[in-house]
Amino acid sequence: LFRSIKLSKDAKLRAESGLFFASTPKVVMDILSAGFAAESLFFMQDEYDIYADRLENQPVYIITDAVNQKMSEDKTSQGVFGVFRMRKPDIGKIFSAKKLIVLEDVQDPGNMGAIMRTALAFGYENIVISTKCADIYSPKVLRSSMTASVKLNVYKVKDIPTLVKDLGDKGF
């Protein structure tokens, strides 16, 4: 439980564990709908009752109000949290994409989320980001992207200029 809470604040722990934390019913249910594997889901009883039919075979834990308050990042919690396993990018799709967005050093989570949300709305499926971009699994990016950050194929690279050259060599 405490590791789950720490995942929301610690990008290094997220990267090392391959797990990320999400909150709010919409975000958690969108991530499940996108096919992510849930390590654990935490629901207040009233919220669980609303979504129970969509949570079969999921690792669900019913939490108390005290636990809910500890897990919440906001002053008012909606009583739904999840820990999910990150996906590895499909690099082949990056190099075979008809259209691609490449982002370098976009550090503000709100801007990162807005770009990803807009990209998805315009039919983009693949994005390349530099290692200095905001963490796509941070709670702020998840919320500001309206979960687009987990619906896109995102490939993180250290050297954007080399990647751009490689894409050009492949006729992009």
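What counts, and where the lines are drawn
- Within every chain, residues take consecutive numbers counted from 1 along the sequence as written.
- Owing to the predicted nature of the model, reporting of local features is limited to residues with pLDDT of at least 70; listing and counting of side-chain atom pairs is limited to 80 or more, with chain, interface and lining totals taken over all residues.
- With hydrogens and water excluded, all non-hydrogen atoms of the structure serve as input to the side-chain values.
- Only DSSP runs of H or I covering at least 4 residues are called helices, and only runs of E covering at least 2 are called strands; the numbering of each starts at the N terminus.
- As used in this structure description, the phrase polar contact means that two N or O atoms lie within 3.5 Å; if the pair is within protein, one of them must be able to donate a hydrogen and the other to accept it, and residues adjacent in sequence are counted only when both atoms belong to side chains.
- In what follows, a contact means two residues having at least one pair of non-hydrogen atoms within 4.5 Å.
- Pairing between strands is defined by DSSP: at least two bridges between them are needed.
- Clockwise travel from the first strand over the helix to the second, with the strands pointing away from the viewer, marks a crossover as right-handed.
- Orientation is described by axes fitted as lines to C-alpha atoms, over the contacting stretch for helices, and by angles from 0 to 180 degrees between their N-to-C directions.
- Summary of the burial criterion: residues with accessible area below 20% of their type's maximum are buried, those above 50% are exposed, and those between are partly exposed, where the area comes from a 1.4 Å probe applied to protein chains only.

A.B. asks: How would you sum up the side chain of Asn153? Please name residues and give values.
C.D. replies: Here Asn153 lies in strand S7 (residues 153–157). At 2.8 Å, the side chain of Asn153 forms a polar contact with the side chain of Asn126. Those residues in contact with Asn153 that lie beyond four places of it in its chain are Pro89, Asp90, Lys93, Ile94, Glu125, Asn126 and Ile127.

A.B. asks: An account of the pairing of strand S3 (residues 60–63) is requested, with residue identities and associated values reported.
C.D. replies: When strand S2 (residues 38–44) meets S3, the two strands line up parallel, connected through four bridges. When the bridges of S3 are listed, Phe42 appears paired with Tyr61. Chirality of the crossover, the property in question, places the unit of S2, helix H4 (residues 45–51) and S3 among those that are right-handed.

A.B. asks: Residues and numbers for the sheet that holds strand S1 (residues 19–23), please.
C.D. replies: Pairing is mixed in the open sheet, where four strands are placed in the order S1-S4-S2-S3. Two strands bound the open sheet, and with one partner strand each, they are S1 and S3. The mean inter-strand angle of the sheet, taken between neighbouring strand axes irrespective of direction, is 15°. With five bridges connecting them, S2 and strand S4 (residues 80–85) associate as antiparallel partners. In the sheet register, Phe42 faces S4, and the bridge partner there is Phe81. With respect to the sheet, helix H3 (residues 25–33) is in contact with S1, S2 and S4, its orientation differing from that of S4 by roughly 30°.

A.B. asks: An account of unusual backbone geometry is needed here, citing residue identities and associated values.
C.D. replies: Unlike most non-glycine residues, Met146 shows phi in positive territory, near 55°. Within the secondary structure, Met146 is located in the loop between helix H8 (139–144) and helix H9 (148–151). Since its relative accessible area comes to 45%, Met146 is described here as partly exposed. At Thr147, a residue that is not glycine, the phi angle is positive and equals roughly 70°. Among the secondary structure elements, Thr147 is positioned in the loop between H8 and H9. Residue Thr147 is classed as buried on the basis of its relative accessible area of 1%.

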